[in-house]
Amino acid sequence: MTGGAVPGPDGRLRCPWGLSTEDYVAYHDEEWGRPVHGDDALFERLCLEAFQSGLSWITILRRREGFRRAFAGFEIASVAAFGEADRERLLADEGIIRNRAKVDATLANAKLLADWSPGELDALIWSYAPDPATRSAPLTIAEVPAVTDESTALSKALKKRGLRFIGPTTAYALMQACGLVDDHLKGCVARGDR
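This is a predicted model, so every value here is computed, not measured.

**As for the packing of helix 6 (residues 84–92) against helix 7 (residues 100–113)**
Alright, step 1. Helix 7 packs onto helix 6 with a crossing angle of 140° between their chain directions and a minimal axis gap of 10 Å. On the basis of the axis angle, helix 6 is oblique to helix 7. In terms of crossing hand, the pair formed by helix 6 and helix 7 is right-handed. Touching Arg87, Leu90 and Leu91 of helix 6 are Arg100, Val103, Asp104 and Leu107, all from helix 7.
Alright, step 2. Of the residues that constitute the contact of helix 6 with helix 7, the class distribution is 4 nonpolar, no polar and 3 charged.

**Concerning the state of the cysteines**
Alright, step 1. According to the stated counting rule, one finds 0 disulfides in the structure shown.
Alright, step 2. A disulfide-free cysteine, cysteine 15 has its sulfur positioned 3.8 Å from the sulfur of cysteine 188, the nearest such atom.
Alright, step 3. Looking at cysteine 178, it has no disulfide partner, and the nearest cysteine sulfur is the one in cysteine 47, 11 Å off.

**What about unusual backbone geometry?**
Alright, step 1. In the Ramachandran plot, alanine 72 falls in the positive-phi region, its phi being about 50° despite a non-glycine side chain.
Alright, step 2. For alanine 72, the position within the fold is in the loop between helix 4 (64–70) and helix 5 (76–80).
Alright, step 3. Here phenylalanine 74, not a glycine, exhibits a phi torsion of approximately 60°, which is positive.
Alright, step 4. Within the secondary structure layout, phenylalanine 74 lies in the loop between helix 4 and helix 5.

**Comments concerning the UniProt feature "binding site: Zn(2+)" (unreviewed entry) in the protein chain**
Alright, step 1. As annotated by UniProt and renumbered to match this structure, "binding site: Zn(2+)" (unreviewed entry) occupies Cys15, His28, His184 and Cys188. Separation in sequence by 174 residues is not matched in space for these annotated residues, since their most distant C-alpha atoms are only 10.1 Å apart. If you take the residues mentioned a moment ago, the ones lining the largest pocket come down to Cys15.
Alright, step 2. Since its relative accessible area comes to 1%, cysteine 15 is described here as buried.
Alright, step 3. Filtering out sequence-adjacent residues up to four positions away, cysteine 15 remains in contact with His28, His184, Leu185 and Cys188.

**What about the packing of helix 9 (residues 149–160) against helix 10 (residues 168–177)?**
Alright, step 1. Axis separation between helix 9 and helix 10 bottoms out at 8 Å; the angle between their running directions is 110°. In terms of their interaxial angle, helix 9 and helix 10 are classed as roughly perpendicular. For the pair formed by helix 9 and helix 10, the contact residues are Glu150, Ser151, Thr152, Leu154 and Ser155 on the first element and Pro168, Ala171, Tyr172, Leu174 and Met175 on the second.
Alright, step 2. Of the residues assigned to the contact of helix 9 with helix 10, the class counts are 6 nonpolar, 3 polar and 1 charged.

**Some details on the pattern of salt bridges**
Alright, step 1. Here the structure, examined in full by the defined rule, presents 17 salt bridges.
Alright, step 2. A salt bridge links glutamate 44 to arginine 64; the shortest N-O distance between them is 3.3 Å. Here the residue glutamate 44 occupies a position in helix 2 (residues 39–52), and arginine 64 occupies one in helix 4, the gap between them amounting to 20 residues.
Alright, step 3. A relative accessible area of 9% means that glutamate 44 is categorised as buried.
Alright, step 4. Linked by salt bridges that have partners in common, Glu31, Glu44, Arg45, Arg64, Glu65 and Arg68 make up one network.

Thresholds applied
Residues numbered from 1 in each chain as written. Predicted model: local features only at pLDDT ≥ 70, side-chain atom pairs only at ≥ 80, totals over all residues. Heavy atoms only, no water. Axes fitted to C-alpha atoms, helices over the stretch in contact; angles between N-to-C directions. Helix = DSSP H or I, 4+ residues; strand = E, 2+ residues; numbered from the N terminus. Parallel < 35°, antiparallel > 145°, perpendicular 65-115°, else oblique. Left-handed = near helix turned anticlockwise from the far one by under 90°. Contact = heavy atoms within 4.5 Å. Nonpolar A, V, L, I, M, F, W, Y, C, P; charged D, E, K, R; others polar. Disulfide = S-S within 2.5 Å. UniProt positions renumbered as here; feature names shortened; annotations may be inferred. 1 Å grid on protein atoms, 1.4 Å probe; cavity = no way out; pocket = protein on both sides within 12 Å on 5 of 7 lines; lining within 4 Å. Buried < 20%, exposed > 50% of the residue type's maximum accessible area, 1.4 Å probe, protein only. Salt bridge = Lys/Arg side-chain N within 4 Å of Asp/Glu carboxyl O.

What follows is the structure in structure tokens.
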């Protein structure tokens with residue numbers, strides 16, 4: 001079956017992308033698709049998915065520690081307090097993606113989120129998680145969608161609240177990465193129901 005789970009060096013089945021580079025193995029096995037909660041943790045993922053837009057995820061994954069240093073560990077209150085000097089510092093930081101629109105969106109989003117109630121971002125994002133019973137395990141990569149009705153609705157809800165750089169595809173990538181959906185292929189060692 002083309003595109004299905006494949007054995008890794010340890011003989012365990014994984015999604016093919018999870019074996020494409022060494023950096024992906026740990027991310028695939030230990031992080032991607034695992035539930036993420038907490039406003040700051042979800043803010044980090046939201047930002048990283050936005051920075052990934054138009055790029056490969058490996059580019060972001062390899063710069064993740066640089067992003068964390070540059071954006072104060074993605075603590076919403078700290079990033080919301082960034083001023084013009086911080087913006088210029090970020091645009092000059094070679095440890096991150098120096099895209100002006102993405103940097104500006106991250107800073108603007110932090111300022112908005114700093115006014116939300118604690119737990120509000122977490123609750124909003126997780127309110128769009130589909131019922132796992134309605135989703136069967138994909139057999140191949142071709143069966144994994146890029147956009148769903150839920151990701152489109154999540155994107156619209158976040159945009160309505162003023163957040164930027166979060167389209168339906170980015171919202172779905174966030175949902176996958178943060179465990180709102182389990183898109184590990186059937187038989188994959190990291191799949192929740194294996």
